[in-house]
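What follows is the residue order along each chain.
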Number of protein chains: 2
Amino acid sequence: MFAISPLRENDFPGWYQQVIKASDLAENSPVRGCMVIKPWGYGLWENIQALLDKVIKDTGHENAYFPLFIPLSFLEKEAKHVEGFAKECAVVTHHRLEENDGKLVPTGELEEPLVVRPTSETIIGESFSKWVNSYRDLPLLINQWANVVRWEMRPRIFLRTAEFLWQEGHTVHSTEKEAFEETLKMLKVYKDFAENELALPVIPGEKSEGERFPGASNTFTIEAMMQDGKALQAGTSHFLGQNFSKSSNIQFSNKNGDMEYAYTTSWGVSTRLIGGMIMVHGDDDGMRVPPRVAPQHIVILPIMPGKDAAKDEAVLECAQKLSKDLKAQSYSGREIRVRVDKRDKGGGEKNWEWIKKGIPLRVEIGPRDLESGTVMVARRDKAHRDKLKMSFEELNEKVPELLEEIQNNYFQQAKSFRDSNIETSLKTREEFESYFQRKEGNIGFVRAKWCGDPKTEEELKKLKVSIRCLPEDQNGKVGKCILTGQEATIEALFGRSY
Amino acid sequence: MFAISPLRENDFPGWYQQVIKASDLAENSPVRGCMVIKPWGYGLWENIQALLDKVIKDTGHENAYFPLFIPLSFLEKEAKHVEGFAKECAVVTHHRLEENDGKLVPTGELEEPLVVRPTSETIIGESFSKWVNSYRDLPLLINQWANVVRWEMRPRIFLRTAEFLWQEGHTVHSTEKEAFEETLKMLKVYKDFAENELALPVIPGEKSEGERFPGASNTFTIEAMMQDGKALQAGTSHFLGQNFSKSSNIQFSNKNGDMEYAYTTSWGVSTRLIGGMIMVHGDDDGMRVPPRVAPQHIVILPIMPGKDAAKDEAVLECAQKLSKDLKAQSYSGREIRVRVDKRDKGGGEKNWEWIKKGIPLRVEIGPRDLESGTVMVARRDKAHRDKLKMSFEELNEKVPELLEEIQNNYFQQAKSFRDSNIETSLKTREEFESYFQRKEGNIGFVRAKWCGDPKTEEELKKLKVSIRCLPEDQNGKVGKCILTGQEATIEALFGRSY
């Protein structure tokens, strides 16, 4: 028996929805396509923010904040950008409500409608055009933590929601080389962050032309594989060339005193990472949260049978003392996060709540344990009946090690699942098509040579397949394009995606 | 000569604008009423967030995130609430843009327009109505860090902007008593936070009926005095009674199994606090940032004359070493924040930039200092020529103490300014009116007895005066209302406000 129904293998999308509910991460809101991120889900996001923000700052970037609203005319400046973003966005047209027959109606029509930012290149570009004057002002390295809105027709919590939370980096450089290096540097930051902190193995690479960010010269991505074999774009880093500096007029005087257009980049990750963690780490008992970003590392479950008030009190006291000792330890450079769950609920019920939430460690402490000075410790990466008896001292001593083991287990499990689901032996278009038309077993990624013809990207859509990226690690050998049979040097990663 | 023109005494609003510009805290954006918060201003906000978030969590609250958009029908639920917020708000009416004659036009009209949240009681109430079922689910203690939008006709950076950043706490309780206690607890949290961290002396008290939050039963506030004698509402805490639980249907089954409406509270502070700090601490040389929330505590200014490359290099190395040593120290429980300003600019120019930004300590280090092992240290709370010669060791040792002295100085200066500008000796309406009609000298606050008649609040508007609060510390003695001459027990604080 498992806590989640349906099981992953029977109905992955149904399982995903149920895990979100059972783990209390988030819920749909009455506003179509917008989600409510509940404390357990927001706690994950807060840890993502804290950890990533530190790396962003350590690499020389500063945080700032720009307006939520973008004038229509700004969005129109960059042709491909407007094409990519105008279709589905929230438009503010009025700035006032008035009562009419007991109903509120929008009045005070704006002269120019405002778009709720789907991304901030154009509005930040406007500021940058004023901030940048001389080569001495460069590089300009700015990051923003914000909410953005992209009206989604088929929303799905954490993956595609009308509103989501993210960070968006925007930088300006005096040379193409430096801007390109920045783009790759941040891709590396995302890769390391995803793998080390979220335990998400990812494949970094460049997007094909058909998958590029609207207005970018080059888009780089980290792609993760979910347990249904589909790909999730987990973060992107864009080299924007001079496209946006020309449309936003970001010019600087170089060392010779001549005016030049600057080179810009942008890069972001979002609350979608939480969706990725659910689909990579979750199991049929619910969520499993990687310790590095877990809102709580340990829950202590005091067992208080309610027959002897003094004994119950002693158990609670002991739990509090243990919590205090554990909190004094550190794991991965931060305080260990412990909660004592003293809610007036049955022990089995509470235990299962925490299993479904995916807390890394559960510690049970009852009246008999007080005498022996021991507790029962359960790891979320093991079967739920598989508990270890430990003395208080042993637990205190071992806790950072236990958490690190769980973190590594999640990463290794995800990596071996992914690696065993990348098909690299296909040779022909027929094999390729039959791979993606399979009904049984996992459909994962295909890695094969690709000639780069944009037409083939269109054709892939019929198979509901796309090029996820041209992976960073290329062998450079010449071969045959899996789709056209033409000579090809580049290897591409093909897959279905979220 | 001062760095800012106009001076405070000649044109306070003009001075305020110039300080924001000179200190590089923020700027106006092309979107009317929206501001761009630049890194120095956002750094202040990040510290406010970090410090306040900790206290909010330590008092048992958890963070969550709710939708940016509120359906019109939600806003309509609470009569006073809609009256208070419908007038000026951004309304989303379409979810798509289409090209028409080369222009983008809004299409895809929404069935029900959405309001960009001016505050979240109604949308959070909808979630709470589902989360709360039994008394066991209470208290529910939630906080949100978010952006909100209130369309302002006369925007002013940090004080009244269409979009601003804030935190909004929303809690649900089973009893009136507990909810009321929560309201006062958070008021106390705000008072301590403003005074201890922002060095802003504030007067806590209750708002009069005319100044209440739309839909609240009681509104409490902390009021600060700016250097022009005007009041700034720096934070509010609302006891909402059962008003919102009735309109949002937040019911719980009590211990007897009967259904009851819950009692709710909400409370918030915003980026307006930054405006308050500017107007309380700034001087005619620019901003002065309280060390506890300063984005950087210390700037090290290496003096590199550029004549001897080796010597210049040695100065820079020494500055880096000093920076590292200083960063290893802590102040008020957090790492000391140090920046080495090695930009290729003149020493005087750089020095003035940092004076205008209001960094607490400036440290100059030049070729001659290397030999003597000393530096020149300037405190922002002293005259800018008033520098101390210190050995490296002495600086390292004293830096937490220096910062704390500056923090305390700012608070004491602000407090003595405020206290000397509260007029408590007025007896009659004539004296009251002539006080607020004065042309010369500071017009501060008047503290006097008030009968509580709502009509008098209307009359005060002619004088551009309002009741800021009924201060917490009441002597309870009977006296005469300064406005009506009627018998009155309560003392009110009157003033002009932002």
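Everything discussed here concerns the structure shown above.
What you are looking at is a predicted structure, and each value in this text was computed from that prediction instead of being measured. (Residues numbered from 1 in each chain as written. Chains lettered and ligands numbered in written order. Predicted model: local features only at pLDDT ≥ 70, side-chain atom pairs only at ≥ 80, totals over all residues. Heavy atoms only, no water.)

**Details of the interface of chain B and chain A**
- Contacts between the two partners involve 65 residues from chain B, matched on the other side by 65 residues from chain A.
- Per-residue buried area on chain B facing chain A is highest for B:Y65, B:L97 and B:L104; these three make up 12% of the total on that side.
- For the interface between chain B and chain A, the tally reads 12 salt bridges.
- Between A:E27 and B:K130 there is a salt bridge, with the nearest N and O atoms lying 3.6 Å from each other.
- At the boundary of chain B and chain A, one finds 36 residue pairs in polar contact (both at pLDDT 80 or more).
- For the side of chain B that touches chain A, the element with the most residues is strand β6 (residues 103–116) of chain B, which contributes eight residues.
- Partitioning the side of chain B that touches chain A into residue classes produces 39 nonpolar, eight polar and 18 charged. (Contact = heavy atoms within 4.5 Å. Buried area = accessible area lost by both parts, 1.4 Å probe. Salt bridge = Lys/Arg side-chain N within 4 Å of Asp/Glu carboxyl O. Polar contact = N/O pair within 3.5 Å; in protein donor to acceptor, adjacent residues only side chain to side chain. Helix = DSSP H or I, 4+ residues; strand = E, 2+ residues; numbered from the N terminus. Nonpolar A, V, L, I, M, F, W, Y, C, P; charged D, E, K, R; others polar.)

**A look at the environment of B:G452**
- You can see B:G452 is positioned in the loop between β23 (445–449) and α14 (454–460).
- Sequence separation between B:G452 and B:Q486 is 34 residues, and the spatial gap between their C-alpha atoms is 9.9 Å.

**Some details on the sheet that holds strand β21 (residues 387–391) of chain A**
All names here are of chain A.
- What the five strands build is an open sheet, ordered β18-β15-β19-β20-β21; its pairing is mixed. Each of the sheet's edge strands pairs with one partner strand only, and the pair in question is β18 (338–340) and β21. Strand-to-strand, the axes of this sheet are offset by a mean angle of 25°, without reference to chain direction.
- Where strand β20 (residues 374–379) meets β21, five bridges bridge the pair, whose relative direction is antiparallel. Residue pairing in the sheet places M376 in a bridge with K389 of β21.
- Most of the contacts of helix α9 (residues 309–327) go to strand β15 (residues 298–302), to which it runs at about 165°, and overall it touches β15, β18, β19 (361–365) and β20.
- The strands touched by helix α12 (residues 392–419) within the sheet are β15, β19, β20 and β21, with β21 carrying the most contacts at an inclination of about 145°. (Pairing = 2+ DSSP bridges. Axes fitted to C-alpha atoms, helices over the stretch in contact; angles between N-to-C directions.)

**Observations concerning the sheet that holds strand β18 (residues 338–340) of chain B**
Residues and elements named next belong to chain B.
- Across the sheet, which stays open at both edges, the five strands sit in the order β18-β15-β19-β20-β21 with mixed pairing between neighbours. Sheet topology places β18 and β21 (387–391) at the edges, where each strand pairs with a single neighbour. Strand-to-strand, the axes of this sheet are offset by a mean angle of 25°, without reference to chain direction.
- Alignment of strand β15 (residues 298–302) against strand β19 (residues 361–365), held across five bridges, turns out to be parallel. Looking across to β19, one finds that P302 is bridged to I365.
- On top of the sheet, helix α12 (residues 392–419) reaches β15, β19, β20 (374–379) and β21; it is set at about 145° to β21, its chief contact.

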